[in-house]
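What follows is each chain in one-letter form.
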2 protein chains.
Amino acid sequence: MAKLSFIGAGNVAWHLAQALEDAGHSIRQVYSRDIRHAKELTRNLYDAQAVNTLDFTASDADIFFITIPDDAVERIADSCILPEGAILCHTSGTLPLSTLRPFPDRGVFYPLQTFSKSRHVDVQKVPFCLEASNDRTEEYIVALAQSISKTVYLVSSDERKILHVGAVFACNFSNHLMAVARNIVEREGLEFSLLKPLIEETFTKALAVDNPATVQTGPAIRGDEQTIANHVRYLKDYPLQQRIYRLLTESIQDMSKG
Amino acid sequence: MAKLSFIGAGNVAWHLAQALEDAGHSIRQVYSRDIRHAKELTRNLYDAQAVNTLDFTASDADIFFITIPDDAVERIADSCILPEGAILCHTSGTLPLSTLRPFPDRGVFYPLQTFSKSRHVDVQKVPFCLEASNDRTEEYIVALAQSISKTVYLVSSDERKILHVGAVFACNFSNHLMAVARNIVEREGLEFSLLKPLIEETFTKALAVDNPATVQTGPAIRGDEQTIANHVRYLKDYPLQQRIYRLLTESIQDMSKG
C-alpha cells in the first residue's frame, strides 16, 4: 500500500485518485491553490486532506503527483517542499522528465487517455507510460501503475513525444475532421447525426486491425478522380477545407503506393 | 411483403438481402456476372435463384436493386430488361437518380454505412437515404426501408453528394490519420495499440455531443505554440504529414475563432 498526495485537483487527479484508492492505496493530501477545488475531490476520498500550501514537510506520503496544466508544472515543482526521500512525478504527455530536475527521485506517470470529470473511464484499460530517474523510483512507480492498469510501459521522454505527435494525428485531428464534416452537412440543413453510425463503424473497424491503412475506403484510395474533382469543386466556398481535402487525398494515395 | 431481386452480389447485397429477408420480404433473384458469386449469396437465402443474365422478363420481383461498383451502374442498368412496372433502385452514395433515367420508376436506396462480409452490422441503426422519380415509387421504397431500419430519410441527389463529402472528412480522412499515426509511432518501435484506448475515447466523446468542435483538445486549440513548433520540427522527415499538421492546426484555430 502506497501513501500518495496530489498537487492539482483537476480531471487527471480526479480519476487517478479514485483508481488508486480503489486499489488499496491511501491518498494523504490534495493540493489546490483554491482549497475548495481540493475539497471537492477529498470529499469522495477516504481520509485525504485538502491543502493550499506546497510545503509538504509534515506529510507522510511516499509519492507526490503533479496533476496541473503543462505550462505550470516547472514553476509549481520549484515551489514544492517534499519530505526527505519522497518521489515526485508529473503526469504530462509532453514534458520531459528533466522538468523535475531539482528532485533526485523523479518520475513521469503519464496516463495515455483523455479525462473529463463527467465521463467514466476504465483505468484498467488505460496505458500508463512511465519514466524514472533511478531504479528505486522506477520499481516503485511500475508497481503502483500495475496495481491500477493492465498496460504499463517504460517510455523515454523522446518516445513520449512521438506518441504525442501520433495522438495529435489520430485523435485531435480526427476530432476536428468530424467537426468539419458537421459544419458542411449542417450548413445545407442536413443532420450530423446521419453520419454517426458510419463514423462509429469506421473507428471500430480501424481499431480492430493492426494497421488502419488496410481498411482505408473512399474516393482517394479507389482513385476515383471524378468524385474527387466534384468534391474539390463543391468545397470552393471552404478554401481551407478544400486544401485539406487535396492534401489528405494526396497523402492517402501516396501511402497506398507504399 | 415485397418481392425483390439484386443485381450484384457484393457486400451491400449481402447485408441488405439478409435484412430484407429477415423482415419478411422474399428475395427472388441474385445476379452476378460470375454465377458462383451469386450462389454464395443465395445459399443463405430462403428461395432466391442465382442468375447470370440481365433479362428479368420472367421475374415476379416488384423491385430490383443494383448493388455494384459506382462506375458500372449506368452500363449495367442500360443492359437490364425488367418486367413491366418494376422499380429499379441503385444503392450508391455518389450517383444521381438520373443515372437510371431510362427507367420511369427509379429510385435511390442508399444505406449510409460501410459494409464488409465479415462484420455484422445492425441494419436497424443504418440511416437509409432515399430518393424516387415519382410518388408511387417513393411510397414503396420508404415502406421497404422502414421495414428494416429505424432511420429513413428522403434526401435529394445534391444533398446526398454533400453527405458524401462529409463522410469523406469524418470517415475516410480520419481513418487515414490513424494510419499516419501508426506509421509515426511504429517507425520508432512503439506499438500503435498504445494509442487505441485514447482513439476510442476520442470518437466516443465526439459522437456523444452535437458538435465535435465543443470537445476539441490538443495543442492547436490550446494555442500551445511551443508544442506545435516541436511537433512540426519532429515531422521534418515526413514532408507531406508536416504540411497536414500545419494545415489542420490552422483549421482548428480558425474554427475556434468563429
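Residues numbered from 1 in each chain as written. Chains lettered and ligands numbered in written order. Predicted model: local features only at pLDDT ≥ 70, side-chain atom pairs only at ≥ 80, totals over all residues. Heavy atoms only, no water.

Chemist: Describe the nonpolar core, and please don't skip the residues or the numbers.
Modeler: If you look at the biggest cluster of nonpolar residues, it comprises 84 residues, and the most contacted ones within it are Phe 169 of chain A together with Phe 169 of chain B. Grouped together as the second largest cluster of nonpolar side chains are 33 residues, Leu 16, Ile 27, Ala 48 and Val 121 of chain B included. (Core = buried A, V, L, I, M, F, W, Y, C linked by side-chain atoms within 4.5 Å. Buried < 20%, exposed > 50% of the residue type's maximum accessible area, 1.4 Å probe, protein only.)

Chemist: Residues and numbers for the state of the cysteines, please.
Modeler: The full count for this structure, using the stated rule, is zero disulfides over all chains. Free cysteine Cys 89 of chain B: the closest other cysteine sulfur is in Cys 80 of chain B, separated by 12 Å. (Disulfide = S-S within 2.5 Å.)

Chemist: Describe the pattern of salt bridges, naming the residues involved and giving the relevant values.
Modeler: Going through the model one piece at a time under the given rule, you end up with 22 salt bridges over all chains. A salt bridge links Arg 187 of chain A to Glu 188 of chain A, with the nearest nitrogen and oxygen atoms 4.0 Å apart. Classification of Glu 188 of chain A as partly exposed rests on a relative accessible area of 32%. Arg 222 of chain B serves as the salt-bridge partner of Asp 224 of chain B, at 3.3 Å between the closest nitrogen and oxygen. Classification of Arg 222 of chain B as partly exposed rests on a relative accessible area of 49%. Because the salt bridges share partners, they merge into one network encompassing Arg 28, Asp 47 and Asp 60 of chain A. (Salt bridge = Lys/Arg side-chain N within 4 Å of Asp/Glu carboxyl O.)

Chemist: Tell me about the UniProt feature "domain: DUF2520" (unreviewed entry) in chain A, and name the residues and values.
Modeler: Look at the UniProt record and you will see "domain: DUF2520" (unreviewed entry) annotated at residues 126-252 of chain A. The straight-line gap between the two end C-alpha atoms of residues 126-252 of chain A is 30 Å; of that span, 66% is helix and 6% is strand. (UniProt positions renumbered as here; feature names shortened; annotations may be inferred. Helix = DSSP H or I, 4+ residues; strand = E, 2+ residues; numbered from the N terminus.)

Chemist: Any details on the packing of aromatic side chains? Residues and values, ideally.
Modeler: Residues and elements named next belong to chain B. In total, this model carries 15 aromatic pairs over all chains according to the counting rule given. On the numbers, 5.4 Å between centres and 25° between planes, the contact of Phe 6 with Phe 65 is stacked. Within this pair, whereas Phe 6 is found in strand 1 (residues 3-7), its partner Phe 65 is found in strand 4 (residues 63-66), the two being separated by 59 residues in sequence. What makes Phe 6 buried here is its relative accessible area of 0%. (Phe/Tyr/Trp six-rings, centres within 6.5 Å; stacked < 30°, edge-to-face > 60°.)

Chemist: Would you mind going over the sheet that holds strand 8 (residues 152-154) of chain A in detail, with residue names and values included?
Modeler: Residue and element names in this part refer to chain A. If you walk across this open sheet you meet the eight strands as 3-2-1-4-5-6-7-8, and the pairing is mixed. Bordering the open sheet on either side are strand 3 (49-51) and strand 8, each of which pairs with just one other strand. With strand direction ignored, the average angle separating the axes of adjacent strands in the sheet is 25°. For strand 1 (residues 3-7) and strand 4 (residues 63-66), the ladder comprises four bridges, and the chain directions are parallel. If you follow Ile 7 over to strand 4, its bridge partner there is Ile 66. Contacting strand 1, strand 2 (26-31), strand 4, strand 6 (106-111) and strand 7 (128-132), helix 1 (residues 11-22) crosses the sheet at an angle of about 170° to strand 1. (Pairing = 2+ DSSP bridges. Axes fitted to C-alpha atoms, helices over the stretch in contact; angles between N-to-C directions. Contact = heavy atoms within 4.5 Å.)

Chemist: Please give an account of the interface of chain A and chain B that cites residues and values.
Modeler: A common way to state how big an interface is: give the accessible area lost once the parts meet. Contact with chain A, which involves 84 residues of that partner, is made by 85 residues of chain B. Where chain A abuts chain B, roughly 8700 Å² becomes buried across the two surfaces, and 71% of that area is made up of carbon and sulfur atoms. Its largest share of buried area at the contact with chain B, chain A owes to Phe 169, Leu 194 and Leu 207 of chain A, together 9% of the area lost on that side. Counting across the interface, chain A meets chain B through four salt bridges. Between Arg 119 of chain B and Glu 201 of chain A there is a salt bridge whose closest N-O contact spans 2.8 Å. If you look at where chain A meets chain B, you find 30 residue pairs in polar contact (both at pLDDT 80 or more). Put simply, the parts of the chain that give the side of chain A that touches chain B at least two residues each are helix 5 (157-187), helix 6 (196-208), helix 8 (225-234) and helix 9 (239-257) of chain A. (Buried area = accessible area lost by both parts, 1.4 Å probe. Polar contact = N/O pair within 3.5 Å; in protein donor to acceptor, adjacent residues only side chain to side chain.)

Chemist: Help me get a handle on empty space enclosed by the protein, residues and values and all.
Modeler: If you walk through the whole model with that rule in mind, you get three cavities of 30 Å³ or more. The calculated volume of the largest cavity comes to roughly 70 Å³. Lining the largest cavity, in full, are Thr 114, Cys 171, Asn 172 and Asn 175 of chain A together with Thr 202, Lys 205, Val 215 and Thr 217 of chain B. For the lining of the largest cavity, the elements supplying multiple residues, two or more each, are helix 5 of chain A together with helix 6 (196-208) of chain B. Broken down by element, the lining of the largest cavity gets its largest block of residues, three residues, from helix 5 of chain A. Partitioned by chemical class, the residues of the lining of the largest cavity number two nonpolar, five polar and one charged. (1 Å grid on protein atoms, 1.4 Å probe; cavity = no way out; pocket = protein on both sides within 12 Å on 5 of 7 lines; lining within 4 Å. Points joined across faces, edges and corners; volume = space filled by probe spheres on them. Nonpolar A, V, L, I, M, F, W, Y, C, P; charged D, E, K, R; others polar.)

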